[in-house]
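Single-letter residue listing:
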Amino acid sequence: MKPLIAPSILSADFAHLADEAKAVAGADWLHVDVMDNHFVPNLTLGLPIVQSLRKATDIPLDCHLMIEDPDRWAVGYAEAGAYNVTVHAEAVADPIAMAANIRAAGAKAGLSLKPGTALDDWVDVLRHYDTLLIMTVEPGFGGQAFMADMMPKVRRARNLVDTGHLTVLVEVDGGINAETIEQAAEAGADCFVAGSAVYSAEDPGAAVAALRATAAAHRPGSG
Ligand code: DX5
Ligand code: ZN
């Protein structure tokens, strides 16, 4: 599988989201950061914008819910046509039911771990999920520095998948740019979220292609 690149619209111009999606037409997923001012300090966007965005682009939407009560809201994002709906392990009350409900509504189910949350505590739950989003910053804001000390967690996830213990796709989010993506790819991530690195580039589409090429060149076993 080739590396997947998911530009985060958190760093895009919110007044022109349809155009900002077009600017990254070659992206694999479009990452949508939903923040509720409770689970994280920041406030971004919610369901009505995802419903509109779904009509404005064919890029699969990767909705990352940084919200306090995902058990109540996540299924709505799946029903709105999100390709993948990710909830936070630290916020979800019934993670196994959550995954089943998201899948029943037609989306892939993702589980995200904050930097301080241990992967090994969630392995059994992750058997019910399609994607694992490993945060490489504290969730809440774009433009933060990549936490290289999360790479053992990514390597452990890669190992659990490669040894058949999990079937999740391993996604990393936070501080990914042309340099840090090398480490994340070497650690074995499959999918790379990048906000500021894509949308602050002169040509966001070219930035996506360049990130993908760098990730491919640094995958385990690529050279
Ligand atoms: C942070 C968000 C990220 C953010 C990444 O809480 O979950 O998706 O957009 O932005 P960069 O790539 O700028 O760190
Ligand atoms: Zn995110």
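Residues numbered from 1 in each chain as written. Chains lettered and ligands numbered in written order. Predicted model: local features only at pLDDT ≥ 70, side-chain atom pairs only at ≥ 80, totals over all residues. Heavy atoms only, no water.

1. Some remarks on the coordination of the zinc ion (ligand 2)
Okay, step 1: Around the zinc ion (ligand 2), the protein contributes the donor atoms H31 (NE2), D33 (OD), H64 (ND1) and D173 (OD), at 2.1 to 2.3 Å from the metal centre.
Okay, step 2: Each of the six donor atoms bound to the zinc ion (ligand 2) contributes to angles spanning 71 to 171 degrees, and the resulting shape is octahedral.
Okay, step 3: Read N to C, the donor residues that coordinate the zinc ion (ligand 2) are spaced as H-x1-D-x30-H-x108-D. Taken together, the residues H31 in strand β2 (residues 30-35) and D173 in strand β7 (residues 169-173) connect sequence positions 142 residues apart. Just as H31 is buried, D173 falls in that class too. (Donors = N, O, S within 2.8 Å, 3.2 Å for Na, K, Ca; no water. Tetrahedral: all angles 85-135°; square planar, octahedral: opposite > 155°, others 65-115°. Helix = DSSP H or I, 4+ residues; strand = E, 2+ residues; numbered from the N terminus. Buried < 20%, exposed > 50% of the residue type's maximum accessible area, 1.4 Å probe, protein only.)

2. As for empty space enclosed by the protein
Okay, step 1: Applying the stated criterion across every chain, the model contains one cavity of 30 Å³ or more.
Okay, step 2: Around the largest cavity, the lining comprises 21 residues; the ones closest to its centre are F141, G142, D173, G174 and G175.
Okay, step 3: Of all elements in the fold, only β2 and β8 (191-194) reach the threshold of two or more residues within the lining of the largest cavity.
Okay, step 4: Looking at the lining of the largest cavity, its residues break down into ten nonpolar, nine polar and two charged. (1 Å grid on protein atoms, 1.4 Å probe; cavity = no way out; pocket = protein on both sides within 12 Å on 5 of 7 lines; lining within 4 Å. Points joined across faces, edges and corners; volume = space filled by probe spheres on them. Nonpolar A, V, L, I, M, F, W, Y, C, P; charged D, E, K, R; others polar.)

3. Section: the packing of helix α6 (residues 151-162) against helix α7 (residues 180-187)
Okay, step 1: In contact at an axis separation of 8 Å, α6 and α7 are set at 35 degrees when each is read in the N-to-C sense. Touching M151, V154, R155 and R158 of α6 are Q183, A184 and A187, all from α7.
Okay, step 2: Along the lines of polarity and charge, the residues of the contact of α6 with α7 split into four nonpolar, one polar and two charged. (Axes fitted to C-alpha atoms, helices over the stretch in contact; angles between N-to-C directions. Contact = heavy atoms within 4.5 Å.)

4. Some thoughts on the site of ligand 1
Okay, step 1: Of all residues adjacent to ligand 1, which total 20 residues, the nearest are D33, G140, D173, G195 and S196.
Okay, step 2: One nitrogen or oxygen atom from the side chain of H31 is found 3.3 Å from an oxygen atom belonging to ligand 1.
Okay, step 3: Here an oxygen atom of ligand 1 and a side-chain polar atom of D33 are 2.8 Å apart.
Okay, step 4: Burial of ligand 1 by the surrounding chains reaches 100%, relative to a free accessible area of 380 Å².
Okay, step 5: Taking a 2 Å distance to the grid points as the criterion, the majority of the atoms of ligand 1 fall inside the largest cavity.
Okay, step 6: Secondary-structure elements contributing two or more residues to the shell around ligand 1 are β2, β3 (61-66) and β8. (Near = heavy atom within 4 Å. Polar contact = N/O pair within 3.5 Å; in protein donor to acceptor, adjacent residues only side chain to side chain. Areas by Shrake-Rupley, 256 points an atom, 1.4 Å probe, with all protein chains shown as cover. Sits in = over half its atoms within 2 Å of the grid points.)

5. A short note on the side chain of D28
Okay, step 1: Its place among the elements puts D28 in the loop between α1 (17-22) and β2.
Okay, step 2: In this structure the side chain of D28 is engaged in a polar contact, spanning 2.8 Å, whose partner is the side chain of K2.
Okay, step 3: A polar contact is formed between the side chain of D28 and the side chain of R212, at a distance of 2.9 Å.
Okay, step 4: When neighbours within four sequence positions are excluded, D28 is seen to be in contact with K2, P3, L4, I5, I59, P60 and R212.

6. Remarks on the sheet that holds strand β1 (residues 4-7)
Okay, step 1: Taken in spatial order, the eight strands line up as β1-β8-β7-β6-β5-β4-β3-β2 in an open sheet, and their pairing is parallel. Every other strand in the sheet has two partners, leaving β1 and β2 as the edge strands with one partner each. The sheet shows a mean angle of 25 degrees between the axes of neighbouring strands, direction not considered.
Okay, step 2: With three bridges connecting them, β7 and β8 associate as parallel partners. (Pairing = 2+ DSSP bridges.)

7. Details of the environment of A201
Okay, step 1: Inspection of the secondary structure puts A201 in the loop between α8 (196-199) and α9 (204-217).
Okay, step 2: Relative accessible area serves as the criterion here: at 25%, A201 is assigned to the partly exposed category.
Okay, step 3: A C-alpha to C-alpha distance of 16 Å links A201 and I181, two positions 20 residues apart in sequence.
Okay, step 4: Aside from chain neighbours lying at most four places away, what touches A201 is S196 and A207.

8. What about the packing of aromatic side chains?
How two aromatic rings sit relative to each other is set out by the distance from centre to centre and by the angle between their planes.
Okay, step 1: The tally for this structure, following the rule as stated, stands at one aromatic pair.
Okay, step 2: For the pair W29 and Y83, a centre-to-centre distance of 5.6 Å together with 55 degrees between the ring planes defines the contact as tilted. Highlighted residues: W29 in the loop between α1 and β2 and Y83 in the loop between α3 (70-79) and β4 (84-88), separated in sequence by 54 residues.
Okay, step 3: Residue Y83 is classed as partly exposed on the basis of its relative accessible area of 33%.
Okay, step 4: In this structure, K114 packs its charged tip against the face of F39, placed 5.2 Å from the ring centre. (Phe/Tyr/Trp six-rings, centres within 6.5 Å; stacked < 30°, edge-to-face > 60°. Lys NZ or Arg CZ within 6 Å of the ring centre and 35° of its normal.)

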